[in-house]
Amino acid sequence: MLKTTNCGDLGEEQIGSQTTLAGWVSRRRDHGGIIFVDLRDRTGVVQVVFNPELAPEAYQVADQLRAEWVLQVQGTVQRRPPGSENPAMATGTVEVIPHAATILNSSLTPPFYITDDVEVDESLRLRYRYLDLRRPKMYRNLVLRHKVVKYIRDFLDAREFLEIETPILIKSTPEGARDFLVPSRMQKGSFYALPQSPQQLKQLLMVSGVERYFQIARCFRDEDLRADRQPEFTQLDLEMSFADEEDILQLTEELYTGLVESLTPEKTLVKPFPRLTYDEAMERYGSDKPDLRFGMEMADATDLALETEFRVFHSVIQAGGIVKGFAVKGQGHYTGSNMRELEQAAKDAGAAGLSHLRLGQASSIEALEEEAVQLSPGLRMPVEWSRRMAQRVGAGPGDLILLMAGPAKQANLWLSAMRTYMGERLGLGDPNAMTFAFITEFPLFEWDEEHQRWHSSHHPFTSPATGEEDLLDGEDLSRIKSKAYDLVCNGAELASGSIRIHRRELQEKIFTILGYPKEEIVARFGHILEAFEYGAPPHGGIAPGIDRLVAMLAGSSSIREVIAFPKTQTGADLLFGSPAPVAPDQLQELGLGLLE
Ligand code: ASP
């Protein structure tokens with residue numbers, strides 16, 4: 001090795017010892033003929049002091065150094081002179097006095113400073129990702145990611161799970177997104193699809209008798225990239241035979257608890273993880289991924305809204321919609337301009353409007369006086385109504401009540417966005433809390449109004465809930481519950497999974513409901529349907545996303561911070577410059593041409 005010690009490992013125990021270091025020049029300062037170099041490697045930074053009198057040749061070398069040059073030094077570790085210690089540096093009590101220095105490589109002036117405390121435009125960071133990753137924080141994120149994956153591997157290995165690789169070139173898998181396609185050269189006109197997940201492969205492994213499978217799997221989905229998604233992402237893909245929902249949820253809870261407690265002990269958890277059914281989550285939080293770090297539970301107030309003369313409420317309710325709201329503790333004092341900000345936030349979330357009640361101070365809700373309540377303009381109602389509304393949404397004196405009206409699905413969406421907005425505005429989400437919860441009993445299907453057809457809420461391989469199979473022959477499929485579950489944390493979905501269908505007949509029936517013609521069912525899914533006829537065991541699994549989890553553990557708001565080479569929001573790789581055109585002869589070889 002060209003070095004004997006890591007820069008960041010030097011401390012008082014090494015004082016007096018000889019060391020050889022190699023790293024990058026983080027900073028070079030010339031102080032009256034003495035050159036100070038902060039030398040950085042992956043472990044940290046140490047100060048090297050070049051004195052022309054002690055080591056003239058090394059000093060000559062130091063004189064040429066610029067930022068990010070690669071340097072090797074041999075020298076003695078010594079205690080820094082009193083008064084020159086730097087408590088902000090981990091190695092701040094020592095320095096290295098070199099007797100030799102060698103330039104291992106020079107560097108162009110980097111396009112940005114390689115330190116944690118500068119704001120750099122993200123596209124510049126991605127264009128020079130190899131320099132961006134030199135920043136200590138980015139390296140720490142890579143280390144954390146490594147540790148998360150290692151923890152997962154060790155955890156599952158100890159429970160007799162086998163890590164098995166599955167192909168990247170496969171056939172389309174219906175996970176609800178568009179496939180990335182790869183043209184076949186040998187069979188012109190035919191295509192592979194990149195897996196949206198190894199879903200069918202892991203199920204086939206269960207038919208193979210593997211019983212316990214996992215994989216740190218790359219998944220590919222050609223979606224329009226909504227905030228903080230990547231076209232390729234990593235999941236812990238996991239499947240178990242002879243397991244029921246409870247087994248999978250317990251395993252997942254144990255894994256996440258252990259992982260967070262051992263890798264980020266400063267984070268707080270709620271144990272056991274709360275569980276809510278999908279219906280409950282929608283009712284109480286208007287969302288199937290509620291942020292449970294704070295309250296602001298919702299309540300339906302459609303009946304109370306009908307008592308008002310507010311036209312908006314009446315027309316929404318007549319059209320089958322609802323009025324629902326929640327209380328914001330202690331914010332009854334909001335001013336008109338505060339309320340306009342909230343109304344803007346509601347509009348940004350897509351809502352037509354936001355109604356409110358601002359409750360003043362009183363010893364109790366019953367004691368609330370008429371003058372102490374301010375209602376939004378549409379709601380001219382007596383205080384007695386406001387008191388009942390307060391009771392409905394759990395508000396007390398001094399609180400603010402927010403109400404929204406709309407078709408149930410939209411109203412929930414808007415209210416949930418509003419709840420998130422208020423949570424952020426009031427700083428209610430403790431950044432150190434990781435409040436996990438399981439959401440269970442998702443509906444099996446969702447009605448797609450636009451295309452007038454049913455979709456699987458999770459994916460078509462999900463089993464209906466016990467006893468609900470008969471409902472598949474009924475009219476209203478939206479009532480059917482499934483054995484699908486999600487793990488959510490702080491308002492984000494971290495994992496989805498389900499107990500699967502393992503009988504051909506039922507699986508075929510689901511495909512038929514989803515609108516696949518018979519021939520297409522055979523063409524697309526014949527392999528798995530056939531496999532189910534050879535003694536497929538009952539099985540189920542889950543697939544936790546690794547990127548989001550690591551980002552949360554790292555305290556990063558973007559998953560791009562924890563992916564070594566991520567793509568931009570428009571799916572571009574700014575470092576390699578992909579996607580990129582290919583040469584005409586490459587297309588020809590594949591039997592492809594481009595439409596003008
Ligand atoms: N394959 C599913 C997904 O990617 C997860 C699962 O059901 O295991 O969402």
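Please read these numbers as outputs of a predicted model, since none were measured by experiment.

J.: Looking at this model, I keep getting lost on the sheet that holds strand β6 (residues 162-163). Mind explaining?
T.: Hydrogen bonds along the backbone pair up the strands of a sheet, which may run parallel or antiparallel. The strand order across the open sheet formed by eight strands is β6-β9-β10-β24-β23-β22-β19-β12, and the pairing between neighbours is mixed. What marks the edges here is a single partner per strand, and that holds for β6 and β12 (275-277). Bridging between strand β23 (residues 492-499) and strand β24 (residues 539-544) involves five bridges; their strand directions are antiparallel. Across the sheet, the residue bridging to S498 is G541, located in β24. Against the sheet, helix α5 (residues 199-207) engages β9 (212-220), β10 (232-241) and β24, with an angle of about 20 degrees to β10.

J.: What am I meant to see in the sheet that holds strand β14 (residues 322-328) here?
T.: Pairing is antiparallel in the open sheet, where five strands are placed in the order β13-β14-β17-β15-β16. Looking at which strands have only one partner, the edges of the open sheet turn out to be β13 (298-300) and β16 (373-375). Sheet twist, expressed as the average angle between the axes of neighbouring strands with direction ignored, equals 20 degrees. The pairing of β13 with β14 spans three bridges and is classified as antiparallel.

J.: What is the right way to look at the packing of helix α4 (residues 136-158) against helix α15 (residues 546-554) in this model?
T.: When two helices pack together, you describe them by how their axes are tilted relative to each other and by the distance separating the axes. Here α4 crosses α15 at 120 degrees, and the two axes come no closer than 10 Å. The orientation of α4 relative to α15 falls into the category oblique. Of the two possible hands of crossing, α4 and α15 adopt the one that is right-handed. Side by side, α4 and α15 meet where N141, L144, R145, V148, V149 and I152 of the first sit next to I546, D547, L549, V550, L553 and A554 of the second. A per-class count over the contact of α4 with α15 returns nine nonpolar, one polar and two charged.

J.: It is not clear to me how unusual backbone geometry should be interpreted in this structure. Could you clarify?
T.: Most peptide bonds adopt trans geometry, and most residues besides glycine take a negative phi value. That bond from K271 to P272 is cis: its omega, -10 degrees, falls within 30 degrees of zero. Relative to the helices and strands, P272 is located in the loop between β11 (268-269) and β12. Here the bond from S578 into P579 is cis, since omega is 0 degrees, no more than 30 degrees from zero. Its place among the elements puts P579 in the loop between α15 and α16 (584-589). For Q452, which is not a glycine, the phi torsion comes out positive at approximately 50 degrees. Residue placement: Q452 occurs in the loop between β20 (445-448) and β21 (453-456).

About the cut-offs
Residues numbered from 1 in each chain as written. Predicted model: local features only at pLDDT ≥ 70, side-chain atom pairs only at ≥ 80, totals over all residues. Heavy atoms only, no water. Pairing = 2+ DSSP bridges. Helix = DSSP H or I, 4+ residues; strand = E, 2+ residues; numbered from the N terminus. Contact = heavy atoms within 4.5 Å. Axes fitted to C-alpha atoms, helices over the stretch in contact; angles between N-to-C directions. Parallel < 35°, antiparallel > 145°, perpendicular 65-115°, else oblique. Left-handed = near helix turned anticlockwise from the far one by under 90°. Nonpolar A, V, L, I, M, F, W, Y, C, P; charged D, E, K, R; others polar.

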